[in-house]
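What follows is each chain in one-letter form.
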Amino acid sequence: MRNKYVYMLNNNKRNIKYYNIIDKYRVKYYTLNIIPSSLVGIDEVKNLKLSTKGRYGLKAMFELALHYGEGPIPLKMIAENQDISEHYLEQLIAILKKNGLVNSIRGAQGGYLLSEQPSKIIVGDIIRSLEGDISLVSCVKDEKLCPSSKSCVTKLVWEKISTSINSVIDNITLQDMIDEHIRINSNGEYMYYI
């Protein structure tokens, strides 16, 4: 008995024609349908990674945290230090300001500053303000999006991964990032304060 597989695209449906050659006169045919990723909750690849909004927004907030207590920081300085387009950064800061994470001060000596101490601002809040809810797949956020949500065995996997991601980003503050930055850049040297 020999197994043969033929990949076919029929009427925009993907399936695999599978057949067994039993002997010289008998052939048994099967059709296996390929399940579209949208049926298991993976609608778009963008659900699987952060966009530049989340990455650059977090970098901008980190820059503000590094200068916390020094007064307002000009947008141009943040853009230069973090290698972000100033125009794009304006859009991100507007979202962060709207969500209460950043304050602005107008005038010649104006700029932006954190709305709270770095130890009170959670990375998860920053990313969610820019990206929206963080879920690996859409069915975890809304069961109505998937017709087989109640009987889907893979949903448990997606829920656990999403819960783990949210747990990590909700347990890191900007102060933790500053501490890591200091540790990385200390090169094993001790800092002495007098």
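Parameters at a glance
- Residues numbered from 1 in each chain as written.
- Predicted model: local features only at pLDDT ≥ 70, side-chain atom pairs only at ≥ 80, totals over all residues.
- Heavy atoms only, no water.
- pLDDT = per-residue confidence, 0-100.
- Contact = heavy atoms within 4.5 Å.
- Patch = residues over 30% accessible without salt bridge, like charges linked within 9 Å, V, L, I, M, F, W, Y side chains within 5 Å.
- Areas by Shrake-Rupley, 256 points an atom, 1.4 Å probe, with all protein chains shown as cover.
- Salt bridge = Lys/Arg side-chain N within 4 Å of Asp/Glu carboxyl O.
- Helix = DSSP H or I, 4+ residues; strand = E, 2+ residues; numbered from the N terminus.
- Buried < 20%, exposed > 50% of the residue type's maximum accessible area, 1.4 Å probe, protein only.
- Pairing = 2+ DSSP bridges.
- Expected span 1.5 Å × (residues − 1).
- Arc of directions from axis to C-beta.
- Axes fitted to C-alpha atoms, helices over the stretch in contact; angles between N-to-C directions.
- Parallel < 35°, antiparallel > 145°, perpendicular 65-115°, else oblique.
- Left-handed = near helix turned anticlockwise from the far one by under 90°.
- Nonpolar A, V, L, I, M, F, W, Y, C, P; charged D, E, K, R; others polar.

Within the protein, residue pLDDT values average 78, and 71% of them lie at 70 or more. Scored below 50 in pLDDT, residues 1–13 makes 30 contacts in the model with residues more than four places away or belonging to other chains. Between residues 37–47, whose pLDDT stays under 50, and residues either more than four places distant or in other chains, the model counts 18 contacts.

We now examine a nonpolar patch on the surface. Residues Val 157, Ile 161 and Ile 165 make up a contiguous nonpolar surface patch of roughly 210 Å² in combined accessible area. As for its position among the elements, Ile 161 is in helix α6 (residues 155–169). With a relative accessible area of 33%, Ile 161 lands in the partly exposed category.

Summarising the sheet, strand β4 (residues 102–105) and strand β5 (residues 111–114) pair through four bridges and their orientation is antiparallel. Note on β5: the bridge partner recorded for Val 102 is Leu 114. What sits between β4 and β5 in their antiparallel hairpin is a turn of five residues, with Gly 107 showing a positive phi close to 110°.

On to the pattern of salt bridges. In this structure the tally under the stated criterion is two salt bridges. The residue Asp 170 makes a salt bridge to Arg 128 at a minimum N-O spacing of 2.4 Å. Placement of Asp 170 in the loop between α6 and α7 (174–185) and of Arg 128 in helix α4 (residues 123–131) is noted, with a sequence separation of 42 residues between them. Relative accessible area serves as the criterion here: at 31%, Asp 170 is assigned to the partly exposed category. Residue class for Arg 128 comes out partly exposed when judged on its relative accessible area of 24%. Linking Glu 180 and Arg 183 is a salt bridge whose minimum nitrogen-to-oxygen distance equals 2.7 Å.

Quick look at α6 now. Across its 15 residues, α6 extends 21 Å between first and last C-alpha, which sits within 8% of the 21 Å expected from 1.5 Å per residue. Within the sequence span of α6, burial applies to Lys 155, Trp 158, Ser 162, Asn 166 and Ile 169. Seen along its axis, α6 keeps its buried residues to an arc of 65°; they face one direction. With respect to the buried face of α6, the exposed residues turned more than 90 degrees away are Lys 160 and Thr 163.

Between helix α1 (residues 52–66) and α4, whose axes approach to 9 Å, the crossing angle comes to 135°. Viewed along their axes, α1 and α4 adopt a mutual orientation that is oblique. The two elements α1 and α4 meet at a crossing, and its hand is right-handed. Every residue of α4 that contacts α1 at Lys 53, Gly 54, Gly 57, Leu 58 and Met 61 is listed here: Val 123, Ile 126, Leu 130 and Glu 131. When the residues that make up the contact of α1 with α4 are grouped by side-chain class, the tally is five nonpolar, two polar and two charged.

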